[in-house]
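Geometric and topological summary
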Amino acid sequence: IVVFTDLDSTLLDTNTYSWAAARAALDALKRAHGHLVPVSSKTLVEMEPLHEALGFTDPYVVENGGGIVVPPESRLKETISFIAGSAGLVSEQRASVWALGKSYEEVVAGLREISEETGVRLLGFSSMSDADVTCLTGLSLNDARKARARQFSEPFLIIEDVLPEAEPMEAAAAKRGLTVVKGGRFWHLMGHNGKGAAVSSLIRAYTQLFGQVLTIGLGDSPNDLSFLEIVDVPVLLGMNRRLFRHSESSGKLRNYPRTGPEAWNQAVLEILSEEQEELQ
Ligand code: 2M8
Ligand code: MG
Ligand code: MG
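Residues numbered from 1 in each chain as written. Chains lettered and ligands numbered in written order. Predicted model: local features only at pLDDT ≥ 70, side-chain atom pairs only at ≥ 80, totals over all residues. Heavy atoms only, no water.

**Things to note about the coordination of the magnesium ion (ligand 2)**
- For the magnesium ion (ligand 2), the full set of protein donor atoms is Asp6 (OD), Asp8 (O) and Asp220 (OD), and the range of their distances to it is 2.1 to 2.2 Å.
- Separation of the magnesium ion (ligand 2) from the magnesium ion (ligand 3) amounts to 3.8 Å, with Asp6 serving as a shared donor to the pair. (Donors = N, O, S within 2.8 Å, 3.2 Å for Na, K, Ca; no water.)

**Observations concerning the site of ligand 1**
- The full set close to ligand 1 counts 16 residues, and Tyr17, Lys42, Glu46, Arg185 and His188 are the nearest of them.
- In the environment of ligand 1, an oxygen atom lies 2.8 Å from a nitrogen or oxygen atom belonging to the side chain of Tyr17.
- Between Lys42 and ligand 1, the recorded distance is 2.9 Å, taken from a side-chain N or O atom to an oxygen atom.
- Isolated, ligand 1 exposes 410 Å² of accessible area, and the fraction of that covered by the protein chains is 97%. (Near = heavy atom within 4 Å. Polar contact = N/O pair within 3.5 Å; in protein donor to acceptor, adjacent residues only side chain to side chain. Areas by Shrake-Rupley, 256 points an atom, 1.4 Å probe, with all protein chains shown as cover.)

**Considering the domain arrangement of the chain**
- Here the chain is described as being made up of domain 1 (2–101 + 197–279) and domain 2 (104–190).
- A separation of 24 Å is found between the C-alpha centroids of domain 1 and domain 2.
- At the interface, 20 residues of domain 1 touch 18 residues of domain 2.
- When domain 1 packs against domain 2, close to 1,400 Å² is buried across both sides, 56% of that on carbon and sulfur atoms.
- Applying the counting criterion to the domain 1 and domain 2 interface returns one salt bridge.
- Among the salt bridges present, the one from Glu63 reaches Arg150, with a minimum N-O distance of 3.7 Å.
- Our enumeration of links across domain 1 and domain 2 arrives at 10 residue pairs in polar contact (both at pLDDT 80 or more).
- The element best represented in the side of domain 1 that touches domain 2 is helix H2 (residues 44–54), accounting for four residues.
- Grouping the constituent residues of the side of domain 1 that touches domain 2 by class yields nine nonpolar, nine polar and two charged. (Domains from an automatic or database assignment. Contact = heavy atoms within 4.5 Å. Buried area = accessible area lost by both parts, 1.4 Å probe. Salt bridge = Lys/Arg side-chain N within 4 Å of Asp/Glu carboxyl O. Helix = DSSP H or I, 4+ residues; strand = E, 2+ residues; numbered from the N terminus. Nonpolar A, V, L, I, M, F, W, Y, C, P; charged D, E, K, R; others polar.)

**Quick look at the packing of aromatic side chains**
- In total, this model carries three aromatic pairs according to the counting rule given.
- Ring centres 6.5 Å apart and planes at 85° place the aromatic pair Phe4 and Tyr206 in the edge-to-face group. Of the two residues, Phe4 sits in strand S1 (residues 2–5) while Tyr206 sits in helix H8 (residues 194–210), which places them 202 residues apart along the sequence. Summarising the burial analysis for this pair, Phe4 and Tyr206 share the class buried.
- For the pair Tyr206 and Phe210, a centre-to-centre distance of 6.1 Å together with 20° between the ring planes defines the contact as stacked. Linking Tyr206 with Phe210, this pair stays in helix H8, spanning four residues, or about one helical turn.
- Of the residues examined, Tyr206 reaches a relative accessible area of 1% and is grouped as buried.
- Owing to a relative accessible area of 30%, Phe210 belongs among the partly exposed residues under this scheme. (Phe/Tyr/Trp six-rings, centres within 6.5 Å; stacked < 30°, edge-to-face > 60°. Buried < 20%, exposed > 50% of the residue type's maximum accessible area, 1.4 Å probe, protein only.)

**A look at the packing of helix H5 (residues 130–137) against helix H6 (residues 141–148)**
- Two elements in contact, H5 and H6, have axes whose closest approach is 8 Å; the angle formed by their N-to-C orientations is 105°. One way to sum up the angle between H5 and H6 is to call them roughly perpendicular. For the pair formed by H5 and H6, the contact residues are Asp130, Ala131, Val133 and Thr134 on the first element and Leu141, Ala144, Arg145 and Arg148 on the second.
- Taken together, the residues that form the contact of H5 with H6 break down as four nonpolar, one polar and three charged. (Axes fitted to C-alpha atoms, helices over the stretch in contact; angles between N-to-C directions. Parallel < 35°, antiparallel > 145°, perpendicular 65-115°, else oblique.)

**So, the nonpolar core**
- Grouped together as the largest cluster of nonpolar side chains are 35 residues, with contacts concentrated most on Leu11, Leu26, Leu36, Leu54, Leu218, Val235 and Trp264.
- The element contributing the most residues to this core is helix H10 (residues 261–279), with six residues.
- Every residue in contact with Val235, bar those within four places of it in the chain, is listed here: Ile216, Gly217, Leu218, Gly219, Leu228, Leu253, Arg254, Tyr256, Ala267 and Ile271. (Core = buried A, V, L, I, M, F, W, Y, C linked by side-chain atoms within 4.5 Å.)

**Some words on H10**
- Given a rise of 1.5 Å per residue, 19 residues ought to cover 27 Å, and the 27 Å separating the end C-alpha atoms of H10 matches this to within 8%.
- Listed as buried for H10 are Pro261, Ala263, Trp264, Asn265, Ala267, Val268, Ile271 and Leu272.
- Buried residues along H10 sit against S1, helix H1 (23–31), strand S2 (35–38), strand S11 (215–219), strand S12 (233–237) and strand S13 (254–256). (Expected span 1.5 Å × (residues − 1).)

**Some words on the pattern of salt bridges**
- Applying the stated criterion across every chain yields a total of 11 salt bridges.
- Asp8 is the salt-bridge partner of Lys42, the closest N and O atoms lying 2.8 Å from each other. Of the two residues, Lys42 sits in the loop between S2 and H2 while Asp8 sits in the loop between S1 and H1, which places them 34 residues apart along the sequence.
- Among the residues examined, Lys42 registers a relative accessible area of 9% and is labelled buried.

Here you go:
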């Protein structure tokens, strides 16, 4: 069993960023020798301590699919190197970091051009201070600094009284080989193919290493759709089922009305116990 999970408002509480309420399901997953792969908009330096605290040795996906981080103790270390395909190995300090797209500098330059071209004021993290990010997110100043330490993607806000149509912005991004996707509080500009592409590489690597695996995905926002659509058991947290209205996966979708770790806990415990029943 491999669980791919978004963090903010999915495994983590929207306001306190705590995962304490999901402890029972995380423990059950460990007892079942399951794997846990966090898949987030967050940066490597934000995710590293969290990954360690969660106590799984699996890789994790940073910045909306911009990079795959493989810890030294991960059994996927060998397998992922060629599965990630065109990905480049950008760092091998504590962990191997595979980049799946353009550099942060290119993305930030792209945001400025898109803003000029569309005439819509777009404010990215690179133009904000740590204090700005603290105000907007409730993160501590130190965590806001980590959220701004970006390598692959740029979170931004649309600074207009009336929210403009997304299409011109999306078209201007596409022209530059970039994509925009909506996260929780922010939009994200990225030079890669999103969470889905990263998860797809990882599913191939897990399958190669372990044979058949059952994949579970949990998320709450539009940027999670691309990976929820390619797992065996997609779980959407929150009252946003319409996100799946055009999706082929809508039939197997499990939807829980609330977001956050309590719902995560309930969903994963339910799936694990169904799996156990099936084995008996
Ligand atoms: C940003 O991401 C969230 C997740 O969906 C959002 O768009 O609201 C990212 O900048 C991330 O790095 C940061 O930790 C998070 C904090 O709320 O916001
Ligand atoms: Mg989320
Ligand atoms: Mg996220």
